[in-house]
Amino acid sequence: MLIEHAGARPEIDSSAWIAPTAVVSGAVRIGARTRVLHGAVLTAERDQDIVVGAECVIMENAVLRAAGRFPLRIDARVLVGPHAHVSGCSIGPRSFI
């Protein structure tokens, strides 16, 4: 589900895949060939944004948040494991969370 929040809409690369039960809300950019699996939530609140690079996998029920003074940046080829909670940080390329 893609949700506009505070006037910002998610931007999803045409080659990315978002599961029908995932939630992507606000100023979220998702790169090429990235996969967001079932139950994942990516939410950008209060004037911050989320950028997910190319060829990432956001696994089931992971929660990614950006809010306040803390944007969230995920570089290319990162795997965020199931049920992980990631808030307001930067993650380098080829990382496993």
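Data block above holds the structure.
Predicted model only: the values in this text are computed from it and were never measured.

Draft legend 1. Summary view of the overall build of the chain. When its secondary structure is counted, the chain shows zero helices and 14 strands. Secondary structure of the chain in N-to-C order comes out as β-β-β-β-β-β-β-β-β-β-β-β-β-β. Against the globule reference of 13 Å for 97 residues, the chain gives a C-alpha radius of gyration of 12 Å, in line with a compact fold. Across its three principal axes, the chain shows a C-alpha extent of roughly 30 × 25 × 20 Å. Burial status across the chain gives 39% buried among its 97 residues. Sequence separation of 24 or more characterises 2% of the internal contacts of the chain that already satisfy a separation of 6 or more. For the chain, the exposed surface amounts to about 5,100 Å²; the carbon and sulfur share of it is 53%. Computed over 10 positive and 9 negative side-chain charges, the separation of the two mean positions in the chain equals 4 Å.

Draft legend 2. Summary view of the sheet that holds strand β9 (residues 57–58). Pairing is parallel in the open sheet, where four strands are placed in the order β3-β6-β9-β12. Among the strands making up the open sheet, the edge pair consists of β3 (17–18) and β12 (79–80). Here strand β6 (residues 35–36) runs beside β9; their pairing, made up of two bridges, is parallel. Within β9, the residue paired with arginine 35 across the bridge is valine 57.

Draft legend 3. Highlighting the pattern of salt bridges. Counting across every chain of the model gives six salt bridges. Glutamate 55 serves as the salt-bridge partner of arginine 33, at 3.0 Å between the closest nitrogen and oxygen. Residue arginine 33 is found in the loop between β5 (28–30) and β6, and its partner glutamate 55 is found in the loop between β8 (50–52) and β9; the two are separated by 22 residues along the sequence. We classify arginine 33 as partly exposed; its relative accessible area is 45%. The class for glutamate 55 is partly exposed, based on a relative accessible area of 29%.

Draft legend 4. Expanded view of the side chain of serine 25. Relative to the helices and strands, serine 25 is located in strand β4 (residues 23–25). Residue classification places serine 25 among the buried positions, given a relative accessible area of 10%. Ignoring anything within four residues of it in the chain, the contact list for serine 25 reads Ile3, His5, Pro10, Leu42, Thr43 and Ala44.

Draft legend 5. Geometry of the environment of isoleucine 50. Position of isoleucine 50 relative to the elements: it lies in strand β8. Residues isoleucine 50 and valine 28 lie 22 residues apart in sequence; the distance between their C-alpha atoms is 4.7 Å.

Draft legend 6. Focus on the sheet that holds strand β11 (residues 72–74). The five strands lie next to each other as β2-β5-β8-β11-β14, forming an open sheet whose pairing is parallel. With partners counted over all chains shown, the strands left at the sheet margins are β2 (11–12) and β14 (90–91), one partner each. Across two bridges, the pairing between β11 and β14 is parallel. Bridge pairing links arginine 73 to serine 90 in β14.

Calculation criteria
- Residues numbered from 1 in each chain as written.
- Predicted model: local features only at pLDDT ≥ 70, side-chain atom pairs only at ≥ 80, totals over all residues.
- Heavy atoms only, no water.
- Helix = DSSP H or I, 4+ residues; strand = E, 2+ residues; numbered from the N terminus.
- Rg over C-alpha atoms; globule rule 2.2 N^0.38 Å.
- Buried < 20%, exposed > 50% of the residue type's maximum accessible area, 1.4 Å probe, protein only.
- Contact = heavy atoms within 4.5 Å.
- Areas by Shrake-Rupley, 256 points an atom, 1.4 Å probe, with all protein chains shown as cover.
- Lys, Arg positive; Asp, Glu negative; His and termini not counted.
- Charge placed at Lys NZ, Arg CZ, Asp CG, Glu CD.
- Pairing = 2+ DSSP bridges.
- Salt bridge = Lys/Arg side-chain N within 4 Å of Asp/Glu carboxyl O.

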